[in-house]
Structure formats: structure tokens, C-alpha cells
Amino acid sequence: MTNAEKSALSIGEVSTLTGLAPHTLRFYEQEGLLSAVRRNASGQHVFTEEDVAWLRVCVKLRSSGMPLPEIRHYAQLAREGEGTERQRFEILRRHEAKVRQQVADLQEALDVIHAKVEVYARHLTAGTADRLWHDGPDCGGPLEHRQ
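Per chain, residues are indexed from 1 in the order of the written sequence. This being a predicted model, a pLDDT of at least 70 is required before a residue's local features are given, and a value of 80 or more before pairs of side-chain atoms are given or counted; all residues contribute to the totals for chains, interfaces and linings. Based on all heavy atoms of the structure, the side-chain values leave hydrogens and waters out of the count.

*Asks:* Explain the overall build of the protein chain here, please?
*Replies:* Across its full length, the protein chain carries six helices and two strands. Secondary structure elements of the protein chain occur, N-terminal to C-terminal, as α-α-α-β-β-α-α-α. Counting only residues that meet the buried cut, the protein chain has 27% of its 147 residues in that class. When checking whether two residues touch, look at their non-hydrogen atoms; a contact exists if any pair is within 4.5 Å. Taking as baseline every contact in the protein chain between residues at least 6 positions apart, the subset at least 24 positions apart corresponds to 48%. The accessible surface values rely on the Shrake-Rupley method and a 1.4 Å probe; as for residues, cover is taken only from the protein chains in view. Carbon and sulfur atoms provide 55% of the accessible area of the protein chain, an area that totals close to 10000 Å². Numbering of helices and strands runs from the N terminus; a helix is a DSSP stretch of H or I covering at least four residues, while a strand is a stretch of E covering at least two. For every residue, the accessible area obtained with a 1.4 Å probe (protein chains only) is divided by the maximum for its type, and the residue is called buried under 20%, exposed over 50%, and partly exposed between those limits.

As C-alpha cells, this is what we get:
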């Protein structure tokens with residue numbers, strides 16, 4: 001058995017390794033996110049370990065909010081290779097900035113939620129939780145006193 005045959009993976013195996021459904025894998029191929037996927041003598045898709053590694057990158061880019069057209073553009077540049085490094089860098093740099101902003105926004109939301117959890121915890125412990133929202137939310141004063 002050759003090294004190529006050892007690293008040949010079926011669509012089911014790739015689905016298991018990546019968490020992507022077979023129809024999603026086919027869709028990603030049709031969308032140009034993958035290099036041309038080989039087929040075996042039976043016409044079935046045959047993936048390589050490199051395909052799996054690239055799919056894992058695509059999954060992370062997608063789950064972090066990168067639109068498919070942008071991933072497709074990045075993939076095309078990567079396939080073109082030498083001379084596209086600066087463009088690929090800029091795509092990733094812009095996306096990184098967006099994700100950092102998302103993380104900051106989520107952290108701010110988490111801080112607000114945590115403060116509210118603390119208020120409820122104190123009121124539940126004190127037996128005064130029935131007063132929360134009695135006259136609507138308390139929107140004044142320090143954050144820790146808001147309901």
C-alpha cells in the first residue's frame with residue numbers, strides 16, 4: 001500500500017474527523033473551498049490529510065463569522081501560492097480584528113450578565129428576591145444595584 005493510499009480518506013471518515021456532514025463537505029467543494037477532490041475508481045470522493053487540515057481551518061473561519069465568499073477568496077489565493085502572501089495576510093488580519101471585537105463585545109455582555117447574577121444571588125440569599133422587578137427594573141444607580 002502506498003503512502004497516498006494510506007492517507008486516502010472517505011467522505012464518511014472526513015465527516016467524522018471534521019464534524020461536517022457529507023452534504024456540507026460536498027457543498028464546500030462546490031463552493032471552491034477545497035482543491036479538486038479526487039475520486040476513486042468507484043467515483044467516490046477521496047480526501048487527503050491535507051484536505052482535512054484545510055477543512056478544520058475553514059470550520060474555524062466560518063464559525064468565527066467569516067463569510068463563505070471571503071473564505072473562498074482566501075482559499076483561491078492559497079492555491080495560487082507564491083505572490084499572494086500579503087493578500088492572505090490582510091484577509092486574516094481583518095478577520096482577526098473582527099473576531100477580537102466580537103470577543104470584546106461578548107466580554108462586555110458577560111460582565112453585565114454576571115453583575116445581574118450577583119444581584120439575584122444576593123437577593124435570593126437575603127430572602128428578598130420577591131422585590132426584584134416589583135416596580136420594573138431598577139435602571140438607576142450603580143450596575144450592581146440594577147435588577
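*Asks:* Please clarify how the packing of helix H4 (residues 49-63) against helix H5 (residues 68-80) should be interpreted in this entry.
*Replies:* Two elements in contact, H4 and H5, have axes separated by 10 Å at closest approach and are oriented at 145°. Viewed along their axes, H4 and H5 form a crossing whose handedness is right-handed. Of the residues in H5, those in contact with Trp54, Cys58, Leu61 and Arg62 of H4 are Leu68, Ile71, Tyr74 and Ala75. Under this grouping Gly is polar, as are all residues other than the nonpolar Ala, Val, Leu, Ile, Met, Phe, Trp, Tyr, Cys and Pro and the charged Asp, Glu, Lys and Arg. Residues belonging to the contact of H4 with H5 are distributed by class as follows: seven nonpolar, no polar and one charged. Helix axes are fitted only over the stretch in contact, all axes being lines through C-alpha atoms; the angle between N-to-C directions runs from 0 to 180 degrees. Crossing handedness is defined as follows: a turn of the near helix away from the far one that is anticlockwise and smaller than a right angle gives a left-handed crossing, while the clockwise case is right-handed.

*Asks:* How should I be thinking about the environment of Met66 in this particular structure?
*Replies:* With respect to the helices, strands and loops of the structure, Met66 is situated in the loop between H4 and H5. Separated by 25 residues in sequence, Met66 and Ile91 have C-alpha atoms that sit 9.8 Å apart. With sequence-adjacent residues up to four places away left out, Met66 is seen in contact with Leu61, Ile71, Ile91 and His95.

*Asks:* Teacher, can you tell me more about a nonpolar patch on the surface here?
*Replies:* Together, Tyr120, Leu124 and Trp133 give the surface a local cluster of nonpolar side chains, amounting to about 340 Å² of exposed area. Structurally, Trp133 can be placed in the segment after helix H6 (85-126). Patch members must show over 30% relative accessible area and no salt bridge, and they are joined within 9 Å when carrying like charges or within 5 Å when they are nonpolar side chains of Val, Leu, Ile, Met, Phe, Trp or Tyr. Should a side-chain nitrogen of Lys or Arg be within 4 Å of a carboxyl oxygen of Asp or Glu, the pair is scored as a salt bridge.

*Asks:* Honestly, the packing of aromatic side chains in this entry has me stumped. Any pointers?
*Replies:* Each aromatic ring pair is characterised by the separation of its centres together with the angle its planes make. Between rings of Phe, Tyr and Trp, where Trp is taken as its six-membered ring, a pair exists when centres lie within 6.5 Å; planes separated by under 30 degrees are stacked, by over 60 edge-to-face, and by other angles tilted. For the structure shown, the criterion picks out two aromatic pairs. Ring geometry for Phe27 versus Tyr28: centroids 6.3 Å apart, planes at 45°, classification tilted. Classification of Tyr28 as buried rests on a relative accessible area of 7%. Seen in terms of ring centroids, Trp54 and Tyr74 are 5.8 Å apart; in terms of plane orientation they differ by 20°. Their pairing is stacked. Placement of Trp54 in helix H4 and of Tyr74 in helix H5 is noted, with a sequence separation of 20 residues between them.

*Asks:* Please explain H4 as it appears in this structure.
*Replies:* Given the number of residues in a helix, its expected span is that number minus one, multiplied by 1.5 Å. Taking 1.5 Å as the rise per residue, H4 with 15 residues should run 21 Å; its terminal C-alpha atoms sit 21 Å apart, in good agreement. Asp51, Val52, Trp54, Leu55, Cys58 and Leu61 are the residues of H4 that are buried. Where H4 is buried, its residues meet helix H2 (11-18), helix H3 (22-30), strand S2 (45-46), H5 and H6.

*Asks:* Would you explain the pattern of salt bridges in this entry?
*Replies:* Oppositely charged side chains may form a pair once their charged atoms are brought near each other. Applying the stated criterion across every chain yields a total of four salt bridges. The shortest N-O distance in the salt bridge between Arg88 and Glu85 comes to 3.9 Å. Remark: Glu85 and Arg88 occur in helix H6; sequence separation between them is three residues, near one turn of the helix. Its relative accessible area of 18% is what places Arg88 among the buried residues. The class of Glu85 is partly exposed, set by a relative accessible area of 42%.

*Asks:* What should I look at first to understand the environment of Arg62 in this one?
*Replies:* Along the chain, Arg62 turns up in helix H4. The class of Arg62 is partly exposed, set by a relative accessible area of 37%.

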